[in-house]
Structure formats: structure tokens, C-alpha cells
Amino acid sequence: MDNSAAGPLTGLLVADFSRVLAGPYATMLLADLGAEVVKVEGPQGDETRTWMPPVRGDVSTYYLGINRGKRSIALDLRDEADAVLARELAARADILIENFKPGGLAKYGLDYASVRAANPGSVYASISGFGSGEGRHVPGYDLMVQAISGLMSLTGDPDGPPYRAGISVFDVMAGNHAVIGILAALRHRDATGEGQHVEVNLLSSALTGLVNHSSAYAAGGVVPYRMGNAHPSVFPYEPLPTADNDLIVAAANDGQFRRLCEVLDLPDVPDDPRFARNADRTKNREELRPVLIERLATRGAVEWFEALTKVGVPCGPINTIDGGFAMAERFGLDPIVEVGEGDRAVPTTRHPIRFSATPAAYRLPPPELDEHGAELRAWLTTPEEGDDG
């Protein structure tokens, strides 16, 4: 296998038995950091290969967005010869990540107990919708978890229907949690030589990800409800209309609010006892909002953005995705990198973490189904050095 990368995870082999979003997102992040990732797909391939439009050429952009840096092998686990190869991969891997229904890999000898028996140092990560206990039989899709967790009850206008978030937010969150768990387990393995089972589920990721809303219920007994774009504890912290487009204004402390009022030429407002502290502004938001809107109506959103950011007031125009990328370019974040060469070159979003000594690398374009099957089969059937066989 190719271990030529110089990332912080160079030398680690990942057996990726996951599909769709949470698991593939996690393994892509590991690949960016130097790990060698083998993507094991069924004969029909990962479902996201067929999730289109949009497409690049005839390939789903959904699939392209979360599968760079990997090698693909198609294995039918119901075929014993392929299952043997899968077990051999698991025995050689430092990390195995899967998102089958809990217990679903046992019949193939790929459950944690079986893998651990052959590979005691394996870090085995499982991602499920609702855990391996009473919720193990419930399918785990992000939209279901957005509904069940309560997120949708928090999203939308107060008098309107609940809405899903614009992305599969808990899949992404669970993928990040899986990476955190894997890295922590590797640290433990470095110290003890022992692997372990890392379990992540979408509902637990959702409940911790609801942060202040979860705490409102757990610590305060309060069930929060949707407030449109308003914040339950801070004002102003929402979009406000300007002369052309809405502007997000997030003056979350007294100093920021005072500077906001200075730029808006409202010098007396910060000393008004109704608005002096955040708790006052939140309580009296219906009185304060029209005062701010009246001044914001005199200039456009971008002009206000330039003026307010100069004095450290958090704010921003509401962009479409292209505008978000343009803003990242403006800030020197170089948000798009290219992976692959020639006809296989694919523009992709840059890894979000910057390292001063071991930067992320983009070595392989998202693989075609079974693109590396022949070489991987040859490797898996060749005894490793030190094997008795």
C-alpha cells in the first residue's frame, strides 16, 4: 500500500465499511491527514453515487464531495471469498469504521468481537442512528434525527411549520465525533497497545449539538420553541432589513452593542435603561428592533458590513453558496482545492483544519467503483512480512 503521504496520520490504514454521509465524511477527513483509506463497497456501490442531480459529468457531486483520498474495492460480503478478503482487510487495518445497523456485520465475521480477536489493536468505530441498545433496529437517517431530536421544532417561523436544516447537520456532526473518538482511541492504543470499540450515534450527537437548547431543558426545565431567526437569549442576533438586503447583526455583548449604535448614529440608545444590558435588550427586543431598522434602512447591507466590521461588530450579508465561497476567497482561505489530474481532476472543498508542520494533502480523486479492486485483492492475498503463511 502507498504510505508516501506526510500527513499526521501517515502509516495508518483505514478499512471503510461505511456509506452515504457520516462515515464517508469521517474517512475523507482521515484520508486528508495522511491515512490510507480503503473504501469497501457493495457490488452496486455507495448509494450517493446515484444521488443526482447535480452532477459533474455523469458523476454525482454528492458522492464527489465526501470521497476523495480513498481507494475503492467492491466486495459482496454474502460471497464467502469476498468476505474472506474483507476479514483480511479488517485484520490488517488500524481503524475500521462502519455504519451498518448494529450487529449487522456479525454474520460476516466483521463485528467488533471478531475483528478484535484477529486484531487486538484495532480501533473499531461504529456509527448508528440510535445506538446499539433499544434503538438498534431503527434506521438512522439524518432527517429522522432532526425530527426526533427536536431540531425541527426549533427551525422556522413561530407560526409556521417546522423545517429541516439545509444540510444533513447531524450526519456531519456524527462524522466529526467519530473522528474525535478514533483519534482519542489511537492515543490510548499508543499508550497501552490496545484497541477499542468507539460508538457514535446521530441522536446523541444531535442532543449535544443542540447546546444551549439542550441545556435549557436539562438544566432549566424549559422546552424551547422556534423563533424564526431570533435568538432566545441575545439581541440583536438576527437578520435585520437594510436599504437593499437583510444583514445579520450579532452584537452579543454590551461593548459590541455600543459600537453598533455609534456606527448607526444612535449615541443615546446604549445608555437607555431598556437597552443597557443584554438581558434588557432581549426583554425589550420589540421596542429596540424598529429603532435599529430605521437607521439600517439608510444604507445597503454590504455598505453596513464594511462599516460595522471595521469597528468589530459581528455582522454579515446573507449570501448564496457562491457568495460564501467568494467571501472565503476574499479572506484568503483558498476554499477550493483540486484533487486528481487531467480528466479525473475534481475541484473540492479544502480540509477545514490547518497544520503548521503536517498539512492536509489531496492525493486521490474520488474513486470509481472497484477502481482499485485488482491491486487490493492482490495485496490482501499476499502474506504480509512476518506472517507464517
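Just so it is clear, the structure is predicted and the values come from calculations on it, not from any experiment. (Residues numbered from 1 in each chain as written. Predicted model: local features only at pLDDT ≥ 70, side-chain atom pairs only at ≥ 80, totals over all residues. Heavy atoms only, no water.)

K.L.:
I'm lost on unusual backbone geometry in this one. Help?
P.N.:
Peptide bonds are, in most cases, trans, and in most cases residues other than glycine have a negative phi. Put simply, Met52 and Pro53 share a cis peptide bond, and its omega is -5 degrees. Along the chain, Pro53 falls in the loop between strand 2 (36–41) and strand 3 (55–56). Residue Pro236 is bonded to the preceding Phe235 through a cis peptide linkage, with omega at -5 degrees. Mapping Pro236 onto the fold places it in the loop between helix 8 (211–220) and strand 9 (237–241). Of note, the phi angle at Val211 is positive, near 35 degrees, even though the residue is not glycine. Here Val211 shows up in helix 8. Despite not being glycine, Asp370 shows a phi value in the positive range, around 60 degrees. Classification of Asp370 as partly exposed rests on a relative accessible area of 28%. (Helix = DSSP H or I, 4+ residues; strand = E, 2+ residues; numbered from the N terminus. Buried < 20%, exposed > 50% of the residue type's maximum accessible area, 1.4 Å probe, protein only.)

K.L.:
Honestly, the layout of surface pockets in this entry has me stumped. Any pointers?
P.N.:
The rolling of a water-molecule-sized probe over the atoms marks out the regions of remaining empty space. Within this model, the largest pocket holds a volume of roughly 1,200 Å³. What lines the largest pocket is a set of 36 residues, and nearest its centre among them are Tyr25, Gly65, Ile66, Phe325 and Thr349. Partitioned by chemical class, the residues of the lining of the largest pocket number 22 nonpolar, eight polar and six charged. (1 Å grid on protein atoms, 1.4 Å probe; cavity = no way out; pocket = protein on both sides within 12 Å on 5 of 7 lines; lining within 4 Å. Points joined across faces, edges and corners; volume = space filled by probe spheres on them. Nonpolar A, V, L, I, M, F, W, Y, C, P; charged D, E, K, R; others polar.)

K.L.:
Can you walk me through the nonpolar core in this structure?
P.N.:
Nonpolar side chains in soluble globular proteins tend to end up buried together. Of all hydrophobic cores here, the largest spans 46 residues; its most connected members are Ile97, Ile127 and Ile182. For this core, the secondary-structure elements that each account for two or more residues are helix 1 (22–32), helix 2 (61–64), strand 6 (95–98), strand 7 (123–128), helix 6 (169–192), strand 8 (196–201), helix 7 (202–209) and strand 12 (336–339). Of all the elements, helix 6 adds the most residues to this core, at eight residues. With sequence-adjacent residues up to four places away left out, Ile182 is seen in contact with Leu30, Ile95, Ile97, Val123, Ala125 and Val198. Phe17, Val38, Val40 and Leu380 belong to the second-largest nonpolar core, a separate cluster that totals 23 residues. (Core = buried A, V, L, I, M, F, W, Y, C linked by side-chain atoms within 4.5 Å. Contact = heavy atoms within 4.5 Å.)

K.L.:
Quick question: what am I supposed to make of the sheet that holds strand 5 (residues 70–74) here?
P.N.:
Think of a sheet as strands paired side by side through backbone hydrogen bonds, with each pair either parallel or antiparallel. Pairing is parallel in the open sheet, where six strands are placed in the order 5-2-1-6-7-8. Because the sheet does not close on itself, it has two edges, and the strands there are strand 5 and strand 8. On average, each strand axis in the sheet is inclined to that of its neighbour by 20 degrees, with strand direction left out of account. As judged from the four bridges shared by strand 6 and strand 7, these two strands associate in the parallel manner. Among the inter-strand pairings, Glu98 is bridged to a residue of strand 7, identified as Ser126. Each of strand 6, strand 7 and strand 8 touches helix 6; the most contacted strand, strand 8, lies at about 165 degrees to it. Sheet contacts for helix 7: strand 7 and strand 8; angle to strand 8, the most-contacted strand, approximately 65 degrees. (Pairing = 2+ DSSP bridges. Axes fitted to C-alpha atoms, helices over the stretch in contact; angles between N-to-C directions.)

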